[in-house]
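An overview of the molecular structure
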Amino acid sequence: AARPRVLSGIQPTADSFHLGNYLGAVRYWVTLQDTHDAFYCVVDLHAITAGHDPRVLRRRTRIAAAQLLAVGLDPERCTLFVQSQVPEHPQLAWVLSCLTGFGEASRMTQFKDKSTRQGADRASVGLFTYPILQAADILLYQADAVPVGEDQRQHLELTRDLAQRFNGLFGRTFTVPAPHIVKDTAKITDLQDPTAKMSKSASSPAGIIDLLEDPARSAKKIRSAVTDTGREIIFDQANKPGIANLLTIYSALADRTVDDLVETYAGKGYGDLKKDLAEVVREFVGPVQERTRTYLDDPAQLDKLLTIGAEKARAVAAATLRTTYDRVGF
Ligand code: ADP
Ligand code: NA
């Protein structure tokens, strides 16, 4: 039987992914390559909804692709592409936008949050219709499943509604995708505010560990990570969120259970844990940074990989769009 298909995307909105992006999302993309027919895209169309610099966007798109390859996406085992190289995405998004109610789109909490922050007059229509483009990203590939974090659940619900609505109106065209909830997905928190998530948009630099930053800098941030005044190293998210976060990162990167770590650090201090974690981070990011650099140092090869990825993606996307247009009456 054919493997179930998954699709996931990530925005090129920073010069590096941070540990939250990797441990909360991209790490699972790597494992899904072996069990699924996986499509992954760098969603650059989504990255211009709040103003941008073209040169910065181009650079970040390449860095994002290089980093995805560096952490283990393998173009032989998945389809990795850049969204803007597949014009069917905005083409399908238009059709879907005509099936989306204005009120329905207005209820998207991420838009409400972001537009409130930006101010109603500054928020773009692109930010408003973003979830519809995201629906097109998914439906074009007839994805069976979409790996999502809690923050994307509402958007996936809209995608499912739009697929069902289109199918009901025009005949069965789209696979209705299910959320692919990865068990115990790591939620990484801000090192300076361990009750908030590590986020490139909301965290201060001291609260974030970027995969591409100097590990000495990461070590310093880990040393200064906010903990509590206690001494005991136990996993208690409610009362010791800072220590819980450090243990979560450690456990994921060193591939050791939290219980094992708690046992190892019984009777030791926060300083020991932080020192060792800094070393674990260094050992992890070292090879990732080297491979990222190798990809970035050979732009022709990187472009070639992405062109091949876009061609593979387009073969699927164009077939879906053709059927869609036909059903719509174009
Ligand atoms: P950011 O919140 O830093 O802007 P994005 O929203 O671009 O990051 O998220 C990209 C992916 O990384 C999403 O799948 C999201 O769920 C995941 N992610 C982001 N931050 C974290 C975090 N702190 N912990 C776990 N997963 C995260
Ligand atoms: Na975000």
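The chain is annotated in an unreviewed UniProt entry as Tryptophan--tRNA ligase of Micromonospora zhanjiangensis. UniProt, in the comment section headed Function (unreviewed entry), describes the chain in these words: "Catalyzes the attachment of tryptophan to tRNA(Trp)." Turning to the chain, the UniProt annotation filed under Subcellular location (unreviewed entry) states: "Cytoplasm".

1. A closer look at the packing of aromatic side chains
Taken as a whole and judged by the stated rule, the model has ten aromatic pairs. For the pair F102 and F128, a centre-to-centre distance of 5.2 Å together with 45 degrees between the ring planes defines the contact as tilted. Taken together, the residues F102 in helix α4 (residues 102-106) and F128 in helix α6 (residues 125-139) connect sequence positions 26 residues apart. Given a relative accessible area of 13%, F128 falls into the buried group. Look at F111 and F128: their rings are 4.9 Å apart centre to centre, the planes differ by 70 degrees, and that puts the pair in the edge-to-face class. Placement of the pair is F111 in helix α5 (residues 109-118) and F128 in helix α6, with a sequence separation of 17 residues. Comparing F111 with F128, the two get one shared label, buried. Through a chain of ring-to-ring contacts, the aromatic side chains of F39, F81 and Y141 assemble into a single cluster. One cation-aromatic arrangement involves K114 over Y130; the distance from NZ or CZ to the ring centre is 6.0 Å. Between K268 and the ring centre of Y265, over which it is positioned, the NZ or CZ distance is 5.5 Å.

2. Concerning empty space enclosed by the protein
Unoccupied space between atoms shows up once a probe the size of one water molecule is rolled over them. Counted according to the given criterion, the structure contains one cavity of 30 Å³ or more. By volume, the largest cavity amounts to about 50 Å³. Around the largest cavity, the lining residues are Q110, F111, K114, L127, Y130, P131 and H155. Among the elements of the structure, α5 and α6 are those that each provide at least two residues to the lining of the largest cavity. Tallied by class, residues from the lining of the largest cavity come to four nonpolar, two polar and one charged.

3. With respect to the environment of H180
As for its placement among the helices and strands, H180 is situated in strand β5 (residues 178-180). What makes H180 partly exposed here is its relative accessible area of 22%. For H180 and D144, which are 36 residues apart along the polypeptide, the C-alpha to C-alpha distance reads 8.9 Å.

4. Regarding the site of ligand 1
Around ligand 1, the structure places 15 residues, and the nearest of them are H18, I188, K197, M198 and K200. Within the contact set of ligand 1, an oxygen atom lies 3.1 Å away from a side-chain nitrogen or oxygen of N21. The contact in question runs from an oxygen atom of ligand 1 to an N or O atom on the side chain of K197, over 3.0 Å. Expressed as a share of its isolated accessible area of 530 Å², the protein-covered part of ligand 1 is 84%.

5. Section: α5
Here α5 has its buried residues at Q110, F111 and S115. The buried residues of α5 all sit within an arc of 115 degrees when viewed along its axis, so they share a single face. Seen from the open side of α5, the exposed residues pointing more than 90 degrees away from its buried face are T116 and R117. Residues of α5 that are buried sit in contact with α6 and α7 (153-170). One or two residues past the end of α5 sits G119, with phi positive at roughly 95 degrees.

6. Quick word on the pairing of strand β3 (residues 79-82)
Side-chain alternation along β3 places T79 and F81 on one buried face and L80 and V82 on a second face that is also buried. Pairing analysis gives four bridges linking strand β2 (residues 37-42) to β3, with the strands arranged parallel. Across the sheet, F39 pairs through a bridge with T79, a residue of β3. Read from β2 through helix α2 (residues 54-70) to β3, the crossover connection turns out right-handed.

7. Regarding the pattern of salt bridges
Per the counting criterion, the structure on display carries 14 salt bridges. For R77, the salt bridge is made with D74, and the minimal N-O distance between the two is 3.1 Å. Look at R77 and you get partly exposed, because its relative accessible area is 37%. Taken together, the shared-partner salt bridges connect D15, R59 and R60 into one network.

8. Side note on helix α12 (residues 299-328)
In an α-helix, one turn spans 3.6 residues; hence positions three or four apart end up facing the same way. The terminal C-alpha atoms of α12, which comprises 30 residues, lie 40 Å apart, in line with the 44 Å expected from a rise of 1.5 Å per residue. Where α12 bends most, at R314, the angle is about 30 degrees. For α12, the set of buried residues is L302, L306, G309, A310, A313, V316, A317, A318, T320, L321 and T324. Just beyond α12, the residue with positive phi is G329, at close to 110 degrees.

Thresholds applied
Residues numbered from 1 in each chain as written. Chains lettered and ligands numbered in written order. Predicted model: local features only at pLDDT ≥ 70, side-chain atom pairs only at ≥ 80, totals over all residues. Heavy atoms only, no water. UniProt positions renumbered as here; feature names shortened; annotations may be inferred. Phe/Tyr/Trp six-rings, centres within 6.5 Å; stacked < 30°, edge-to-face > 60°. Helix = DSSP H or I, 4+ residues; strand = E, 2+ residues; numbered from the N terminus. Buried < 20%, exposed > 50% of the residue type's maximum accessible area, 1.4 Å probe, protein only. Lys NZ or Arg CZ within 6 Å of the ring centre and 35° of its normal. 1 Å grid on protein atoms, 1.4 Å probe; cavity = no way out; pocket = protein on both sides within 12 Å on 5 of 7 lines; lining within 4 Å. Points joined across faces, edges and corners; volume = space filled by probe spheres on them. Nonpolar A, V, L, I, M, F, W, Y, C, P; charged D, E, K, R; others polar. Near = heavy atom within 4 Å. Polar contact = N/O pair within 3.5 Å; in protein donor to acceptor, adjacent residues only side chain to side chain. Areas by Shrake-Rupley, 256 points an atom, 1.4 Å probe, with all protein chains shown as cover. Arc of directions from axis to C-beta. Contact = heavy atoms within 4.5 Å. Pairing = 2+ DSSP bridges. Right-handed = clockwise from strand over helix to strand, strands pointing away. Salt bridge = Lys/Arg side-chain N within 4 Å of Asp/Glu carboxyl O. Expected span 1.5 Å × (residues − 1). Bend = angle between axes of the 7 residues up to and from the residue.

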